[in-house]
Protein chains: 2
Amino acid sequence: MEPFKIHILGCGSALPTLKHHTSSQVVEVRSKLMMVDCGEGTQVQLRKSRIGFTRIQSVFISHLHGDHCFGLMGLISTFGMLGRTSPLHVYAPGELGPMLKAQMEMFCQGLEYEVVFHAVDTTKCQVVYEDKSLTVSSIPLDHRIACCGYLFREKPTLPHIKRDMIDFYHIPVCYINNIKNGADWTTEEGDVIPNARLTTPAEKARAYAYCSDTRYMPALHRMVEGVDVLYHESTYDTPNEGRARLYYHSTARQAAMVARDAHVGKLVLGHYSSRYEDEKVLLIEAKKVFSNTLLGQEGQVIRL
Amino acid sequence: MEPFKIHILGCGSALPTLKHHTSSQVVEVRSKLMMVDCGEGTQVQLRKSRIGFTRIQSVFISHLHGDHCFGLMGLISTFGMLGRTSPLHVYAPGELGPMLKAQMEMFCQGLEYEVVFHAVDTTKCQVVYEDKSLTVSSIPLDHRIACCGYLFREKPTLPHIKRDMIDFYHIPVCYINNIKNGADWTTEEGDVIPNARLTTPAEKARAYAYCSDTRYMPALHRMVEGVDVLYHESTYDTPNEGRARLYYHSTARQAAMVARDAHVGKLVLGHYSSRYEDEKVLLIEAKKVFSNTLLGQEGQVIRL
């Protein structure tokens, strides 16, 4: 199966600590590398991860708080110094566009690749990127400022041909695509061989949802229904639920409620408040609601 | 003696590596903490150093390359989250002013302290900050863009009173200031006691010069004559002297030539190109010209 991995580069919240870096992840789907959020210091985290800098084709920014985007200029600038020539696509709330342009004029004179900015409407759930194997959609979130998550979803693939059956019935190569697309085969004797005997089902299309930062949204599960992995912020524990609400963040229990209601495969927690010496308290309360939960950690790679 | 220390937070060059952080230092003079340059990730380095965030009163930026200033917004933002109320003074090439203002409007709404911007003319050697015990002056450097170093110089202090002599001659308290300022004492019998018998000389006023980034400047030594410690960039070794010249940087040997010609106490190297696995090669070539040289390292504290 083609790789579909999440590399966690940073899963702390606004105040950087010696334990956690600010938000950033790399989503690897087949040969594509897409970054989600880019807090200060992300490029060093990227170097630690041994992910090839040049292979990152796009950066998706959830919102314009520093801990989610202050690393972007450094990254763009370093890509330039490393001799990048292929365009870098940046998807972010529209406000960032003019700021990015001004910063690049000041700090990145003579950059030899293009930075293509795509304004994302954070109030809508819509496809912001699409290619032959993948879509990336925005997920409106409820934060203090315009903010959205991102849903990475593979497109369904065609079923696999059973090579031995093709040989057995002497089916010509030119007809194989028809069979992949569901056709049956009629032999010279007029016997109909049903498609199911000639193929094995395609792998299930996988999906990953990144949801940070947000207040608990009781209806969020509808937008992330059935994803294999859900990253949902869990800045606080339940005793701090009032604070979570006040600052438009979630508790670990609330993250787990979304995971449970959306029937996801696995929940990954992150965006931890710096008040927690040990985030196990968050894990324990989430697991009570949704057992397949894990604590996001810098350097972790999650395979779908 | 009052403390005068240099805390090295980062001494790599433009490309951050796993070994070095981008440029930043904290100069501690008496109870004052002043930052010089602020590359990406400086706030995390600051946390590692255990220097109190709130005690930093000013940031001096040498030039507007990302590895010297991309950490500034994160620092300003974090100071806000930590509840800072005292103003932060930023000294930098004037171009940064409007950019900083725009970034703060976008990213730092509701900041409860003032960021006061001071435009520095990098072409002149002049005092940019002064208080009762210290001056900070700009040092014009020769880089690809407007760039200056900074010279931190203690003001001379008054000599110390010899308490036992004051008692011996029954000199009244109200006259002590005159003696500190150089007056002799005339006894009731008319004997003149020379000032030198009543005082011990003041400590030598100390000075630290920060010079990064720059091409070798044969006349730079005049501006940093006799400083106790000189930090001079040494991006390259002598075999790369052509490259140093091309990119407006210096070799370690050239840094040492400045140190030698300026009769400084100690030379600290830094701003190492990422090509050096081990910077000893830079230390060796510098020591041939100026023996009291050391390699700057993250976490190092240099006492003057």
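Residues numbered from 1 in each chain as written. Chains lettered and ligands numbered in written order. Predicted model: local features only at pLDDT ≥ 70, side-chain atom pairs only at ≥ 80, totals over all residues. Heavy atoms only, no water.

S.K.: I tried to follow the relation of the copies chain B and chain A on my own but got confused; where do I start?
M.R.: Mapping chain B onto chain A is achieved by rotating through 180° and translating by 0.1 Å along the same axis, at an RMSD of 0.1 Å. Interpreted geometrically, this transformation is the action of a two-fold axis. Closest approach to the rotation axis within chain B is made by the C-alpha atom of Gly41(B), at a distance of 2.6 Å. A shared interface surface links the copies, since 100% of the contact residues of chain B are contact residues in chain A too. (Least-squares fit on C-alpha atoms with pLDDT ≥ 70 in both. Contact = heavy atoms within 4.5 Å.)

S.K.: Help me understand the pairing of strand E1 (residues 4-10) of chain B, please; the structure alone is not making it clear to me.
M.R.: Regular strands show a simple pattern: their side chains alternate between the two faces of the sheet. Residues and elements named next belong to chain B. For E1, the buried fraction is high: seven of the seven residues fall into the buried class. Relative to strand E2 (residues 24-29), E1 runs antiparallel, the two sharing six bridges. Bridge pairing in E2 links phenylalanine 4 to valine 29. Direction of pairing for E1 relative to strand E18 (residues 301-303): antiparallel, over a ladder of three bridges. Bridging from a neighbouring strand, isoleucine 6 pairs with isoleucine 302 of E18. (Buried < 20%, exposed > 50% of the residue type's maximum accessible area, 1.4 Å probe, protein only. Helix = DSSP H or I, 4+ residues; strand = E, 2+ residues; numbered from the N terminus. Pairing = 2+ DSSP bridges.)

S.K.: Looking at this model, I keep getting lost on the packing of aromatic side chains. Mind explaining?
M.R.: The relative placement of two aromatic rings is captured by the distance of their centres and the angle of their planes. Residues and elements named next belong to chain A. One pass over the structure, following the stated rule, counts 20 aromatic pairs over all chains. Between phenylalanine 53 and phenylalanine 79 the ring centres are 6.1 Å apart and the planes differ by 80°, which places this aromatic pair in the edge-to-face class. Of this pair, phenylalanine 53 sits in the loop between helix H1 (42-49) and strand E4 (56-60) while phenylalanine 79 is found in helix H3 (residues 72-81), placing the two residues 26 residues apart along the sequence. Here phenylalanine 53 matches phenylalanine 79 in class, with each residue buried. A connected cluster of aromatic rings, assembled from ring pairs, spans Phe60, Tyr91, Tyr129, Tyr150, Phe152 and Tyr208. Positioned over the ring face of phenylalanine 79 is arginine 84, at 4.8 Å from the centre of the ring. (Phe/Tyr/Trp six-rings, centres within 6.5 Å; stacked < 30°, edge-to-face > 60°. Lys NZ or Arg CZ within 6 Å of the ring centre and 35° of its normal.)

S.K.: Honestly, the interface of chain B and chain A in this entry has me stumped. Any pointers?
M.R.: Accessible area lost when the parts come together is the quantity often used to give the size of an interface. At the junction of the two partners, chain B supplies 32 residues and chain A supplies 32 residues. In total, about 2700 Å² of surface goes out of reach between chain B and chain A, with carbon and sulfur atoms giving 74% of it. Interface area lost by chain B to chain A is led by Glu40(B), Phe70(B) and Phe107(B), which between them contribute 24%. Here chain B is connected to chain A by four residue pairs in polar contact (both at pLDDT 80 or more). Breaking the side of chain B that touches chain A down by element, the ones donating at least two residues are helix H1 (42-49), helix H2 (66-69), helix H3 (72-81) and helix H4 (96-107) of chain B. It is H4(B) that contributes the most residues to the side of chain B that touches chain A, six residues altogether. Partitioned by chemical class, the residues of the side of chain B that touches chain A number 16 nonpolar, eleven polar and five charged. (Buried area = accessible area lost by both parts, 1.4 Å probe. Polar contact = N/O pair within 3.5 Å; in protein donor to acceptor, adjacent residues only side chain to side chain. Nonpolar A, V, L, I, M, F, W, Y, C, P; charged D, E, K, R; others polar.)

S.K.: Just to check I follow, could you spell out the environment of Ile76(B) for this structure?
M.R.: Residues and elements named next belong to chain B. Mapping isoleucine 76 onto the fold places it in helix H3. Exposure remark for isoleucine 76: the relative accessible area of 0% places this residue in the buried category. For the pair isoleucine 76 and valine 115, spaced 39 residues apart in sequence, the C-alpha separation works out to 8.1 Å. Discounting residues that sit within four places of it in the chain, isoleucine 76 has contacts with Leu88, Leu100, Met104, Cys108, Leu111, Tyr113 and Val115.

S.K.: For this particular structure, what's the right way to read the UniProt feature "binding site: Zn(2+) 1" (unreviewed entry) in chain A?
M.R.: Residues and elements named next belong to chain A. When the UniProt feature table is mapped onto this chain numbering, "binding site: Zn(2+) 1" (unreviewed entry) sits at His63, His65, His143 and Asp213. Across 151 residues of sequence, these annotated residues stay compact in space, with a maximum C-alpha separation of 10.5 Å. Along the chain, histidine 63 turns up in the loop between E4 and helix H2 (66-69). Once residues within four sequence positions are removed from consideration, histidine 63 is found in contact with Asp37, His68, Cys69, Pro93, His143, Ile145, Ala146, Cys147, Ser212 and Asp213. Inspection of the secondary structure assignment puts aspartate 213 in the loop between strand E14 (207-211) and helix H8 (220-223). Using a relative accessible area of 2% as the deciding quantity, one classes aspartate 213 as buried. With residues near it in sequence (within four places) discarded, aspartate 213 still touches His63, His68, Leu141, His143, Cys147, Glu233, His249 and His271. For aspartate 213, the side chain forms a polar contact with the side chain of histidine 63, separated by 3.4 Å. (UniProt positions renumbered as here; feature names shortened; annotations may be inferred.)

S.K.: Honestly, helix H10 (residues 252-261) of chain A in this entry has me stumped. Any pointers?
M.R.: A turn of α-helix holds 3.6 residues, and therefore any two residues three or four places apart point the same way. Here H10(A) lies mainly inside the structure; seven of its ten residues are buried. Where H10(A) is buried, its residues contact H8, strand E15 (229-233), helix H9 (241-246), strand E16 (266-270) and helix H11 (280-289) of chain A.

S.K.: Is there a simple way to think about the domain arrangement of chain A in this case?
M.R.: The domains assigned to chain A are domain 1 (4-157 + 203-303) and domain 2 (160-200). Computed over C-alpha atoms, the centres of domain 1 of chain A and domain 2 of chain A are 43 Å apart. (Domains from an automatic or database assignment.)

S.K.: Before we go on, may I ask you to explain the environment of Ser234(B) in this structure?
M.R.: All names here are of chain B. Inspection of the secondary structure assignment puts serine 234 in the loop between strand E15 (229-233) and helix H9 (241-246). You can call serine 234 buried: its relative accessible area is 0%. The spatial distance from the C-alpha of serine 234 to the C-alpha of glycine 270 is 5.6 Å, given a sequence separation of 36 residues.

S.K.: Which parts of the structure should I look at to understand the pattern of salt bridges?
M.R.: Charged atoms that come close allow side chains of opposite charge to pair. Tallied over the entire structure, the rule returns 22 salt bridges over all chains. A salt bridge links Glu130(A) to Lys155(A); its shortest N-O distance comes to 2.8 Å. In this pair, Glu130(A) is assigned in strand E7 (residues 127-130) and Lys155(A) in the loop between strand E9 (148-154) and strand E10 (160-161), connecting sequence segments 25 residues apart. Taking the relative accessible area as the measure of exposure, Lys155(A) reaches 23% and is therefore partly exposed. In this structure, Lys101(B) engages Glu105(B) in a salt bridge whose closest nitrogen and oxygen atoms are separated by 3.5 Å. Taken together, the positions of Lys101(B) and Glu105(B), both in helix H4 and four residues apart, correspond to about one turn of that helix. Accessibility expressed as a relative area gives 56% for Lys101(B), which makes it exposed. According to the relative accessible area criterion, Glu105(B) is partly exposed, its value standing at 48%. Among the charged side chains, a salt-bridge network with shared partners connects Arg30(A), Glu154(A) and Arg206(A). (Salt bridge = Lys/Arg side-chain N within 4 Å of Asp/Glu carboxyl O.)

S.K.: Any chance you could explain the sheet that holds strand E5 (residues 88-93) of chain A here in plain terms?
M.R.: Pairing between the strands of a sheet comes from backbone hydrogen bonds, and it takes one of two forms, parallel or antiparallel. Residues and elements named next belong to chain A. Spatially, seven strands are ordered E6-E5-E4-E3-E2-E1-E18 in an open sheet, and the strand pairing comes out mixed. Both outer strands of the open sheet, strand E6 (115-120) and strand E18 (301-303), are each paired with one neighbouring strand and no more. Strand-to-strand, the axes of this sheet are offset by a mean angle of 20°, without reference to chain direction. As defined by bridge partners, E4 adjoins E5 across three bridges and the pair is classed as parallel. Bridge assignment links phenylalanine 60 to a residue of E5, and that residue is tyrosine 91. Sheet strands touched by H1: strand E1 (4-10), strand E2 (24-29), strand E3 (32-38) and E4. Its angle to E1, the strand with the most contacts, is close to 130°. (Axes fitted to C-alpha atoms, helices over the stretch in contact; angles between N-to-C directions.)

S.K.: I tried to follow the packing of H3(A) against helix H4 (residues 96-107) of chain A on my own but got confused; where do I start?
M.R.: Two numbers describe a pair of packed helices, the interaxial angle and the distance between the axes. All names here are of chain A. At a minimum axis distance of 11 Å, the contact between H3 and H4 shows a crossing angle of 45°. The angle between the axes of H3 and H4 places the two elements in the oblique class. Considering only the axes of H3 and H4, their crossing is right-handed. Across the interface between the two elements, Leu72, Met73 and Ile76 from H3 touch Leu96, Leu100, Gln103, Met104 and Phe107 from H4. Each residue belonging to the contact of H3 with H4 can be placed in one class, and the counts come to seven nonpolar, one polar and no charged. (Parallel < 35°, antiparallel > 145°, perpendicular 65-115°, else oblique. Left-handed = near helix turned anticlockwise from the far one by under 90°.)

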